[in-house]
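In case you want the letters, here they are:
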Amino acid sequence: MDAGARKRRISERVDARGEALDRLALDIHARPEVAFEERFAANALAEYLESEKVAVRRGAGGLETAFVAEAGSGGPVVAILGEYDALPGIGHGCGHNLMGTAAVGAFLALRDVLDGLRGRIRVIGCPAEERGNGKVRLMKGGAFEGVEAALIFHPGDRDEIDPLMLAMVSLDVEVLGKAAHAAAEPHDGVNALDGLVLGWTAMSALRLLVRSDSRIHGIITDGGKAANIIPDRAAATLMVRSPDNTYIGDLRRRVLACFEGAAVATGTELRPTWSDVCELVNTNRPLAEAFAENARSLGRTMHARRPSDTHGSTDMGNVTTVIPGIHPFLSITEGPVPGHSIAFTEAARTPRALETMRLAAKAMAMTALDVLVEPALLKRAKEAHDGRAA
Ligand SMILES: [Zn+2]
């Protein structure tokens, strides 16, 4: 079978499973689970693989809701990644219900056409993208061992091959003071909330002075227990983002200084905790071109990044820092719809969303096939990756 025939077969195999994949995507949508708690989703996807006679390793990389399965033999190893965590309060407002499903659909279709080819495909079920950097843990836990190319797709409101996904680090700020009766003995208290709010105000002033491509935002998670008690604890979670690794280091220092200064001013104690860094996504050009070509053959034109296009951040950035990879967006909407919104949650279960999920499965499987049958493609991908790394 030549590559063209294998690709036609991939399309047929995704379509043959279309109903089952749609049902999985809708079931996961109906039972949204936040980071690290995606038990229903991980189990549903793993069970579906098992029903197709695939041996699934659950709890891969030390994460309960991760899974890994492999097909083929020898090298190279191409990974197809899926996410399935939801957002607190708004459910699948990032459309991850379509991502895990597409990855599983791609893996199975490609497995069906692997006969006579050298190389392996690995599907990796990746928990905790919305918070917790699940893929970083999976890399440390060995789930990406030997992987030479990594493919994922993300639902969006525009077909975009090379989205700008910012580097990001989050900061948990805990401010400690001393409780006292707020009316009887306020002079005995040390107000943790004032320490936090003063730091927040300084940070807000700083936000007016940062580069327009960078972001600082957050929420206050603890503001005290009662209005008549001087708060002895207050807390906030902040996120700092930038496309520039040097600049993000500068911002980290300046944001922290806001809260350090406020702690001095209020006599409170500051306990800051930085998260792991979510790296900037480094789209691998040869792999992206192959994906765009496959998407075109399926009727979708992938667009280049526009300066006005803004997105968030993803732990796929950490993967693409060490392995050639792609993170294209495929539109599931008829026009602009902001991510992380109720409207996007609604969009993630429409017929267009399901059709896009199936198309993504085909395009990812075809691109993985390209890597297996075309050694020159992988060579170019590696050269492009190393060129950037150097
Ligand atoms: Zn997302």
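Details of the structure are given in the entry above.
What you see as residue numbers is a count from 1 along each chain, following the sequence as written. This being a predicted model, a pLDDT of at least 70 is required before a residue's local features are given, and a value of 80 or more before pairs of side-chain atoms are given or counted; all residues contribute to the totals for chains, interfaces and linings. The basis for the side-chain values is all heavy atoms of the structure; hydrogens and waters are excluded.

What follows covers helix H11 (residues 351-373). Residues that lie three or four places apart on an α-helix share one face, since the helix turns once every 3.6 residues. The way it works is that DSSP assigns letters per residue, a run of H or I at least four long becomes a helix, a run of E at least two long becomes a strand, and they are numbered from the N terminus. One fewer than the residue count of a helix, multiplied by 1.5 Å, yields its expected span. Taking 1.5 Å as the rise per residue, H11 with 23 residues should run 33 Å; its terminal C-alpha atoms sit 33 Å apart, in good agreement. Of all the 23 residues making up H11, 18 are buried; the element is thus mostly covered by neighbouring parts of the structure. Burial status follows relative accessibility: with a 1.4 Å probe on protein chains alone, a residue under 20% of its type maximum counts as buried, one over 50% as exposed, and anything between as partly exposed.

Once that is clear, we can look at the coordination of the zinc ion. Coordinating donors are taken to be N, O and S atoms lying within 2.8 Å of the metal, or within 3.2 Å when the metal is Na, K or Ca; because water is excluded from the atom set, some sites may appear incomplete. With distances of 2.0 to 2.3 Å, the protein atoms coordinating the zinc ion are Cys 94 (SG), His 96 (NE2) and His 154 (NE2). In primary sequence terms, the donor set of the zinc ion follows C-x1-H-x57-H. Here the residue His 96 occupies a position in the loop between strand E3 (77-83) and helix H4 (97-111), and His 154 occupies one in strand E6 (residues 154-156), the gap between them amounting to 58 residues. The buried category is assigned to His 96, whose relative accessible area is 0%.

Moving on, we come to the packing of aromatic side chains. Each Phe, Tyr or Trp ring, with Trp reduced to its six-membered ring, pairs with another whose centre is within 6.5 Å; inter-plane angles below 30 degrees give stacked pairs, above 60 give edge-to-face pairs, and intermediate values give tilted ones. Enumeration according to the criterion identifies one aromatic pair in this entry. Considering the side-chain rings of Phe 67 and Tyr 84, the 5.9 Å spacing of their centres and the 10° angle between planes classify their relative orientation as stacked. Placement of the pair is Phe 67 in strand E2 (residues 67-73) and Tyr 84 in the loop between E3 and H4, with a sequence separation of 17 residues. Look at Phe 67 and you get buried, because its relative accessible area is 2%.

This next bit is on the sheet that holds strand E10 (residues 269-274). Pairs of strands are assigned from DSSP output, requiring at least two bridges between the strands. Sheet architecture is open: four strands sit in the order E8-E9-E7-E10, paired in antiparallel fashion. Where the open sheet ends on each side, the last strands, each with one partner, are strand E8 (215-222) and E10. Pairs of neighbouring strands in the sheet enclose a mean axial angle of 20°, with direction left out of account. The strands touched by helix H7 (residues 245-266) are strand E7 (167-176), E8, strand E9 (233-242) and E10; relative to E9, the strand with the most contacts, the crossing angle is about 160°. All axes are obtained by fitting lines to C-alpha atoms, using only the stretch in contact for helices, and the reported angles, taken between N-to-C directions, cover 0 to 180 degrees. Contacts were defined at the residue level, with two residues in contact if any of their heavy atoms lie within 4.5 Å.

Let's shift gears to the nonpolar core. Take the buried residues of types Ala, Val, Leu, Ile, Met, Phe, Trp, Tyr and Cys, join any two whose side-chain atoms come within 4.5 Å, and each joined set is a nonpolar core. In terms of nonpolar packing, the biggest core is built from 90 residues, with Leu 49, Leu 81, Phe 107, Leu 110, Phe 144 and Phe 291 touching the most fellow members. In terms of residue count, the dominant contributor to this core is H11 (14 residues). Among the nonpolar cores identified, the runner-up in size contains 25 residues, and Ala 167, Trp 200, Leu 238 and Leu 251 belong to it.

Okay, the sheet that holds strand E1 (residues 56-58) next. Note: strands within a sheet are paired through backbone hydrogen bonds, in either parallel or antiparallel orientation. Read across the open sheet, the six strands follow the order E1-E2-E4-E3-E5-E11; overall the sheet is mixed. Each edge of the open sheet carries a strand with a single partner, namely E1 and strand E11 (325-326). Bridging between E2 and strand E4 (residues 119-126) involves seven bridges; their strand directions are antiparallel. By the bridge assignment, Ser 73 is partnered in E4 with Gly 119. Sheet strands in contact with helix H3 (residues 39-51) are E1, E2 and E4, and its direction is about 160° off that of E1.

Leaving glycine aside, a negative phi is the common case for residues, and trans is the common case for peptide bonds. With omega at 0°, the peptide bond leading from Gly 75 into Pro 76 counts as cis. For Pro 76, the position within the fold is in the loop between E2 and E3. You will see that Phe 36, though not glycine, has its phi angle at about 75°, which is positive. Looking at where Phe 36 falls in the secondary structure, it is placed in the loop between helix H2 (18-30) and H3. Despite not being glycine, His 340 has its phi angle at roughly 55°, a positive value. By the secondary structure assignment, His 340 is in the loop between strand E12 (329-331) and helix H10 (342-347). For His 340, a relative accessible area of 43% gives the class partly exposed.

By themselves, these are just geometric observations and shouldn't be taken as functional.
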